[in-house]
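Next come the chains, spelled out residue by residue.
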Amino acid sequence: MDKRTLWSAFGLVFGIILIASFSIRHNSFYSGICGVIGCIAIVGGFIGLHWNKIQNGDPKVKRTVRLLLALCIVLVVLNIITFLLA
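Here the structure is a predicted model, which is why all the values come from computation and not from measurement.

Trainee: What is the right way to look at the overall build of the protein in this model?
Mentor: Within the protein one finds 4 helices and 2 strands. Along the protein, from the amino end to the carboxyl end, the secondary structure elements read α-β-β-α-α-α. Taken over 86 residues, the protein has a buried fraction of 27%. Here the analysis covers contacts within the protein between residues at least 6 apart in sequence; of these, 54% occur between residues at least 24 apart. Accessible surface for the protein amounts to roughly 6200 Å². Of this, 72% is attributable to carbon and sulfur atoms.

Structure representation (structure tokens):
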């Protein structure tokens, strides 16, 4: 197992743990910086694990990366909206 695969897998798992900090409390969406870092780590880990497929132009992997980015952006936007309304 090479270092890139190992670090990418670690980043993905670390991101999943950090993204668990997102929660819904008292009809509002809450997360700290950990949730945002978790989003970045999940996307980065997935891209690192599938880098060869992305370079070869696999449309399924590219679509999955776009979906992950969109979901993470939604989470970050919800966090910003909650911060501004609080």
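Trainee: Explain the packing of helix α2 (residues 33-49) against helix α4 (residues 59-85) to me, please; I cannot follow it from the model alone.
Mentor: Remark: α2 packs on α4, axes separated minimally by 10 Å, with the N-to-C direction vectors making an angle of 175 degrees. On the basis of the axis angle, α2 is roughly antiparallel to α4. Contact residues: Val36, Cys39, Ile42, Val43, Phe46 and Ile47 in α2; Val61, Thr64, Val65, Leu68, Leu69, Cys72, Leu75, Val76 and Asn79 in α4.

Trainee: Would you take a moment to explain a positive patch on the surface for this structure?
Mentor: Residues Lys60, Lys62, Arg63 and Arg66 make up a contiguous surface patch of positive charge. Inspection of the secondary structure puts Lys60 in helix α4. By relative accessible area, which is 60% here, Lys60 ends up exposed.

Trainee: What's the story with α4 in this structure? I'm lost.
Mentor: For an α-helix, 3.6 residues make a turn, and residues three or four places apart therefore share a direction. With 27 residues, α4 extends 39 Å between its outermost C-alpha atoms, agreeing within 8% with the 39 Å of an ideal straight helix rising 1.5 Å per residue. Looking at α4, one finds that the buried residues are Val61, Val65, Cys72, Asn79 and Thr82.

Trainee: Teacher, can you tell me more about the packing of aromatic side chains here?
Mentor: Any pair of aromatic rings gets described here by the distance separating the centres and the angle formed by the planes. Applying the stated rule across the entire model yields 2 aromatic pairs. Between Trp7 and Phe10, the aromatic rings sit 5.8 Å apart at their centres with planes inclined by 90 degrees, giving edge-to-face as the arrangement. Residue Trp7 and its partner Phe10 are located together in helix α1 (residues 3-19), separated by 3 residues, close to a single helical turn. Using a relative accessible area of 58% as the deciding quantity, one classes Trp7 as exposed. Relative to Phe14, the ring of Phe10 has its centre 5.9 Å away and its plane inclined at 15 degrees; by these criteria the two rings are stacked. Taken together, the residues span about one helical turn, with Phe10 and Phe14 both in helix α1 at a distance of 4 residues.

Cut-off values and rules
Counting of residues starts from 1 at the beginning of each chain's written sequence and follows it residue by residue. Totals for whole chains, interfaces and linings use all residues, but because this is a predicted model, local features are given only for residues with pLDDT of at least 70 and pairs of side-chain atoms are given and counted only at 80 or more. Side-chain numbers here rest on the full set of heavy atoms in the structure, without hydrogens or water. Only DSSP runs of H or I covering at least 4 residues are called helices, and only runs of E covering at least 2 are called strands; the numbering of each starts at the N terminus. Burial here depends on accessible area, computed with a 1.4 Å probe over protein chains only, as a share of the maximum for the residue type. Under 20% is buried, over 50% is exposed, and the range in between is partly exposed. Only heavy atoms matter for contacts: two residues are in contact if any of them lie within 4.5 Å across the pair. Residue exposure ignores everything except the shown protein chains as possible cover, and the areas themselves are Shrake-Rupley values with a 1.4 Å probe. Lines fitted to the C-alpha atoms define the axes, with helices restricted to the stretch that makes contact. Angles between their N-to-C directions range from 0 to 180 degrees. Angular relationships are summarised with four words: roughly parallel below 35 degrees, roughly antiparallel beyond 145, roughly perpendicular across 65 to 115, and oblique for the angles in between. Residues with no salt bridge and a relative accessible area higher than 30% make up the patches, which join like charges within 9 Å and nonpolar side chains (Val, Leu, Ile, Met, Phe, Trp, Tyr) within 5 Å. When a carboxyl oxygen of Asp or Glu lies within 4 Å of a side-chain nitrogen of Lys or Arg, that pair is called a salt bridge. Only four residue types enter the tally: Lys and Arg on the positive side, Asp and Glu on the negative side; His and the chain ends are excluded. By convention, the point assigned to a charge is CZ for Arg, NZ for Lys, CD for Glu and CG for Asp. Here the expected length of a helix is defined as 1.5 Å per residue gap, with one fewer gap than residues. A pair of aromatic rings is counted whenever rings of Phe, Tyr or Trp (Trp by its six-membered ring) have centres within 6.5 Å, and the orientation is called stacked for planes under 30 degrees apart, edge-to-face for over 60 and tilted otherwise.

Any functional reading would require information that these geometric values do not contain.
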